[in-house]
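The residues making up each chain are set out below.
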Amino acid sequence: MAGVSHYLRLFDAAEKNSRKFMCQFCGAYTPAMNNQGICHACENVISSDRAALMKNSSELCMILDNYNKQMASTDFDAALKTYDSLLAKYPAPNYTYAKALTYISYSNYELSKIRYDLPGFMDENSVHKENASRMFSSAKLLLNKAIFDAAKQATAQSGQQPTYGTSYLMFLAAAKLDDIAAAKSYLDKLKASGNAYLSAYAEIVFDSHIGNFNALLRSADSLLGSKDFPINVFYYISYALFKLGKRADSEKLTGALQKAFGSNTISSLNMYSRMLK
C-alpha cells in the first residue's frame, strides 16, 4: 500500500489534467480524465461537459439544474417531482436508478432529523423513522426496477447478455440493495465484457461494500498505475484508510476530495443500504 502523500500527488496531478463533465443523469459535476469518467454523486458513466449537453439537450440541463437546486435546499418532494418530468422524457434504467438515489438521500435526511435530547416521548422521532423507512422502500423498488429494465432493454436490443453498460448499472443497483451475490454476478459479467476501466472501478466498489479494504487498496494501486482511471477511486482509498485505522491519512485525502467535489462527496458516494439496518 502506498503512503497518503503518494495518493495526494496523484490526485493533484489527475485533477490538474482533467476537465469537468456534467452528469446527464443527476447533473453533478465531476473532474474526469480523457474522454470518460464516473459521476461522483450517482456513479453513472459520464462523457460530456455542460456545453456539449446544452448543445444536444438544453432542456435536460435546465431540468437537472432545478433538480439540484431543490436537492440543495432539501426540498425532496419538489426534487422528486422535477425528476419525474425527466423520467417522462428519458425512461431509461439509469434515470430510474438515479431517482432511487434521490429517495435514499431523502431517507437519510429523515434519519438525520432524529434526536434523543427532546423532552417527553419524542414522538417526532417516530415520524422521521417511519418516513425514512417509507422512502427507502421506494428506493428499493426503483433499484429493482432499474435492474429489471436494464436486463430487458439489453436483451431486446441485442438478443444476448447485457453489455458492459447495463452490467455496470445492474452492479451499482445490486450493491445499493446490499445484494452481494447479485452484485458479484454482475461484476463477473462486467469483467467478462472486457471493459477494464469499469470492471476495475466496480471491483473497488465491491471490495469497499464487503469490507475487504486491503484488497481494495491493492486494486486501487494497480488502477492508479494506468494512464486512465476514475478520480472517484481516491474516495474509496480514503474510506479504506479510515476503516483500517489510518484516520489522519484519510482526513488529508478527504480534504482534497471535498475541495474538488464539494462538501457532499462522502455522503454522495456512501449511500449503502446497510445504513438503515
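Counting of residues starts from 1 at the beginning of each chain's written sequence and follows it residue by residue. Per-residue local features are limited, in this predicted model, to residues with pLDDT of at least 70; the limit for side-chain atom pairs, both in listing and counting, is 80 or more; totals at the level of whole chains, interfaces and linings are taken over all residues. Heavy atoms throughout the structure, all of them, feed into the side-chain values; hydrogens and water do not.

Attention now goes to the overall build of the chain. A helix here means a DSSP run of H or I that spans at least four residues, while a strand means a run of E at least two residues long, and both kinds are numbered starting from the N terminus. Secondary structure assignment for the chain yields 13 helices and four strands. The classification of residues rests on relative accessible area computed with a 1.4 Å probe and restricted to protein chains. Under 20% of the type maximum is buried, over 50% is exposed, and intermediate values are partly exposed. Buried residues in the chain amount to 50% of all 277 residues. Sequence separation of at least 24 residues holds for 57% of the intrachain contacts in the chain that already meet a minimum separation of 6. As presented, the chain carries roughly 13200 Å² of accessible surface, and 51% of it is formed by carbon and sulfur atoms. Two residues form a contact once any of their heavy atoms are found within 4.5 Å. Here, Shrake-Rupley sampling with a 1.4 Å probe gives the accessible areas, and only protein chains in the shown set may cover a residue.

Along the chain, I210 turns up in helix α9 (residues 196–210). It is 9.3 Å that separates the C-alpha atoms of I210 and D178, two residues lying 32 residues apart in sequence.

Right, let's talk about the pattern of salt bridges for a bit. Any carboxyl oxygen of Asp or Glu within 4 Å of a side-chain nitrogen of Lys or Arg constitutes a salt bridge here. This model, assessed by the stated rule, comprises nine salt bridges. Here K99 ties to D84 by a salt bridge, and the two come within 2.5 Å at their closest N and O atoms. On the criterion of sequence distance, the pair formed by K99 in helix α5 (residues 93–112) and D84 in helix α4 (residues 76–89) is long-range, its members being 15 residues apart. The exposure class assigned to K99 is buried, which follows from its relative accessible area of 11%. K184 is the salt-bridge partner of D188, the closest N and O atoms lying 2.9 Å from each other. Taken as a pair, D188 and K184 lie in helix α8 (residues 180–192) at a separation of four residues, close to a single helical turn. With a relative accessible area of 36%, D188 lands in the partly exposed category. When its relative accessible area of 35% is taken as the criterion, K184 is described as partly exposed.

Another aspect to go through is the side chain of S250. Inspection of the secondary structure puts S250 in helix α12 (residues 247–261). N or O atoms within 3.5 Å of each other form a polar contact, as long as, within protein, one can give a hydrogen and the other can take it, and as long as residues adjacent in sequence are counted only when both atoms are side-chain atoms. At a separation of 2.8 Å, a polar atom in the side chain of S250 contacts the main-chain carbonyl oxygen of S238. When residues no more than four places from it in sequence are discounted, the contact partners of S250 are S238, L241 and F242.

Grouping buried Ala, Val, Leu, Ile, Met, Phe, Trp, Tyr and Cys residues that are joined through side-chain atoms within 4.5 Å yields what is termed a nonpolar core. In this structure, Y83, Y97, Y168, F171, F234 and I237 are the most contacted members of the largest nonpolar core, which totals 88 residues. Dropping the residues within four chain positions of it, F171 is found in contact with A183, Y186, L187, A202, V205 and F206.

A word on the pairing of strand β2 (residues 29–32). Pairing of strand β1 (residues 19–22) with β2, which is carried by four bridges, proceeds in the antiparallel orientation. Bridging across to β2, R19 finds its partner in A32. Where β1 hands over to β2, the hairpin turn is made up of six residues, of which G27 adopts a positive phi near 85 degrees. Only strands that DSSP links by at least two bridges are regarded as paired with each other.

This paragraph deals with the packing of helix α1 (residues 4–16) against α12. To get an axis, fit a line to the C-alpha atoms, keeping to the stretch in contact for a helix; angles then go from 0 to 180 degrees between the N-to-C directions. Their axes nearest at 10 Å, the elements α1 and α12 cross at an angle of 10 degrees. It follows that α1 is roughly parallel to α12 by the angle criterion. Seen from α1, the contacting residues are V4, Y7, L8, F11 and E15; seen from α12, they are D249, K252, L253, A256, L257 and A260. Throughout this entry, Asp, Glu, Lys and Arg are counted as charged residues, while Ala, Val, Leu, Ile, Met, Phe, Trp, Tyr, Cys and Pro are counted as nonpolar. The remaining residues, Gly among them, count as polar. Classifying every residue of the contact of α1 with α12 by side-chain character gives eight nonpolar, no polar and three charged. Under this scheme an angle from 65 to 115 degrees is roughly perpendicular, one under 35 degrees roughly parallel, and one over 145 degrees roughly antiparallel; angles in between are oblique.

All right, on to unusual backbone geometry then. The general pattern is negative phi for most residues beyond glycine and trans for most peptide bonds. With a phi angle near 70 degrees, E43 is a residue other than glycine that sits in the positive phi range. One can find E43 in the loop between β3 (37–38) and β4 (45–46). Judged by relative accessible area, which is 2%, E43 ranks as buried. Within the chain, T74 stands out as a residue other than glycine whose phi angle is a positive 55 degrees. Within the secondary structure, T74 sits in the loop between α3 (58–72) and α4.

Looking now at the packing of aromatic side chains. To describe a pair of aromatic rings, one takes the distance between the centres and the angle between the planes. Each Phe, Tyr or Trp ring, with Trp reduced to its six-membered ring, pairs with another whose centre is within 6.5 Å; inter-plane angles below 30 degrees give stacked pairs, above 60 give edge-to-face pairs, and intermediate values give tilted ones. Under the defined criterion, the tally for this structure stands at 12 aromatic pairs. Taking 5.2 Å as the distance between ring centres and 45 degrees as the angle between the ring planes, the aromatic pair formed by F76 and Y109 counts as tilted. Here Y109 lies in helix α5 and F76 lies in helix α4, a separation of 33 residues in the sequence. Look at F76 and you get buried, because its relative accessible area is 6%. Pairing Y201 with Y236 gives two aromatic rings, centres 6.0 Å apart and planes at 80 degrees, and the pair type is edge-to-face. Linking Y201 in helix α9 with Y236 in helix α11 (residues 233–243), this pair joins segments that are 35 residues apart in sequence. Of the aromatic side chains, those joined through ring pairs into one cluster are F25, Y67, Y83, Y90 and Y95.

Let us now look at the confidence of the model for the chain. When pLDDT is averaged across the chain, the result is 88; 88% of the residues are at 70 or more. Scored between 0 and 100, pLDDT is the confidence that the predictor attaches to each residue. Low pLDDT (under 50) marks residues 267–277, which in the prediction has 33 contacts with non-local residues, meaning those over four places away or in another chain.

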